[in-house]
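# Structure assessment
Residues per chain, in single letters:
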Amino acid sequence: MNWYIKNSALILIALLPLVGHGQSDLFQLWPDTALAKANSAREVMYMSDEEKQVVFYINVCRMNPPLFEDTYLTDYLKSNKVKKDKDVKSLIEELKNTSPRVLLQPSEILTETARHHALDMGESGRTGHNASDGTSFTERVKDVSKQFSVINENANYGNDKALDIVVDLLIDKNVPNAGHRKNILDIESRYIGVAIEPHKRYRFNCVQDFGGAKQD
């Protein structure tokens with residue numbers, strides 16, 4: 001077996017668990033090498049497989065927003081019979097006109113921050129970015145923020161599957177200024193932490209913490 005065939009097979013094996021929602025045909029439009037790069041959290045030990053897939057789908061979207069819209073998003077909307085309301089149409093238009101972004105690398109400290117908040121929200125049954133004891137988001141991430149040029153956070157409720165989480169946040173239904181979508185596509189972001197935990201009221205919650213360039 002020559003080098004190209006052997007390594008192509010390894011890439012394919014690595015990507016097989018990421019195929020879902022009837023998307024196998026869509027992979028023909030994405031180079032295997034590109035998808036492998038998007039799967040930047042594949043080797044980390046501090047994320048579950050589903051959390052790693054959240055990173056993967058966010059990176060695929062950032063890598064080529066117009067192609068993501070034409071493949072993953074189009075297939076998802078069709079498969080789940082999602083109506084193209086104003087928020088969906090806004091997402092489609094934005095992705096079609098968004099240039100590629102830097103791929104995000106996994107961060108253990110951002111994942112720990114996301115995990116702590118996801119557990120807190122899950123156990124208390126609360127939502128939002130403030131801690132259950134009333135501590136504001138700014139105060140919560142005060143120490144971590146010293147390590148990055150910028151810190152942003154997404155929170156999603158009711159979903160435990162990666163693509164459901166990412167698409168829901170991208171559509172950002174009834175969210176003013178589509179803040180979660182902006183975080184996913186933020187041009188300044190370089191790192192990401194993801195945590196999916198049980199939630200008392202919504203069954204599941206996913207917290208994503210994004211970090212900009214690391215500070216010296």
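Below: a short report on this structure. (Residues numbered from 1 in each chain as written. Predicted model: local features only at pLDDT ≥ 70, side-chain atom pairs only at ≥ 80, totals over all residues. Heavy atoms only, no water.)

### Some points on the sheet that holds strand β4 (residues 203-211)
Formally: Between any two strands, pairing holds if DSSP finds at least two bridges. A run of H or I in DSSP counts as a helix once it spans at least four residues, and a run of E counts as a strand once it spans at least two, with each numbered from the N terminus. Contacts between residues were defined by any pair of non-hydrogen atoms, one from each residue, lying within 4.5 Å. Axis definition: a line fitted to C-alpha atoms, over the contacting stretch in the case of helices. Angles run 0 to 180 degrees between N-to-C directions.
Read across the open sheet, the four strands follow the order β1-β3-β4-β2; overall the sheet is mixed. Each edge of the open sheet carries a strand with a single partner, namely β1 (105-106) and β2 (151-157). Pairing of β1 with strand β3 (residues 191-199) involves two bridges; the strand directions are parallel. Each residue of the ladder has a partner; that of Pro-106, found in β3, is Ile-192. Docked against the sheet, helix α9 (residues 162-171) engages β2, β3 and β4, running at close to 115 degrees with respect to β2.

### Focus on the packing of helix α3 (residues 49-63) against helix α4 (residues 65-79)
To characterise two packed helices, one gives the angle between the axes of the helices and the distance between these axes. For the record, the criterion: Angles are sorted into four bins: roughly parallel if under 35 degrees, roughly antiparallel if over 145, roughly perpendicular if 65 to 115, and oblique for all others. Each residue is assigned to one of three groups, with Ala, Val, Leu, Ile, Met, Phe, Trp, Tyr, Cys and Pro labelled nonpolar, Asp, Glu, Lys and Arg labelled charged, and all others, Gly among them, labelled polar.
Relative to each other, α3 and α4 sit at 120 degrees, their axes nearing to 5 Å. Considering the angle they form, α3 stands oblique to α4. Within the contact between the two elements, α3 uses Phe-56, Tyr-57, Val-60, Cys-61, Arg-62 and Met-63 and α4 uses Pro-65, Phe-68 and Tyr-72. Within the contact of α3 with α4, the residues separate by chemical class into eight nonpolar, no polar and one charged.

### Comments concerning the packing of aromatic side chains
Applied cut-off: Any Phe, Tyr or Trp ring, taking Trp's six-membered ring, that has another such ring centre within 6.5 Å forms a pair; planes under 30 degrees apart are called stacked, those over 60 apart edge-to-face, and the others tilted. Throughout this description, buried means an accessible area under 20% of the type-specific maximum (1.4 Å probe, protein chains only), exposed means over 50%, and partly exposed covers the range between.
Scanning the entire structure with this criterion turns up six aromatic pairs. Measuring from centroid to centroid gives 5.9 Å for Tyr-57 and Tyr-72, while their planes differ by 75 degrees, and the two rings are edge-to-face. One end of the pair, Tyr-57, is in helix α3; the other, Tyr-72, is in helix α4, and 15 residues separate them in sequence. Tyr-72 carries the same exposure label as Tyr-57, and that label is buried. One aromatic cluster is present, built from ring pairs that chain together Trp-30, Phe-56, Tyr-57, Phe-68 and Tyr-72.

### With respect to the nonpolar core
To keep things clear, this is the line we draw: Throughout, nonpolar core names a set of buried Ala, Val, Leu, Ile, Met, Phe, Trp, Tyr and Cys residues whose side chains join them through atoms within 4.5 Å.
In this structure, Trp-30, Val-54, Ile-58, Val-60, Phe-68, Tyr-72 and Leu-73 are the most contacted members of the largest nonpolar core, which totals 42 residues. Of all the elements in the fold, those that place two or more residues in this core are α2 (32-38), α3, α4, α5 (86-96), α9, α10 (179-185), β3 and β4. When neighbours within four sequence positions are excluded, Ile-58 is seen to be in contact with Leu-104, Val-166, Ile-184, Ile-192, Gln-208 and Phe-210.

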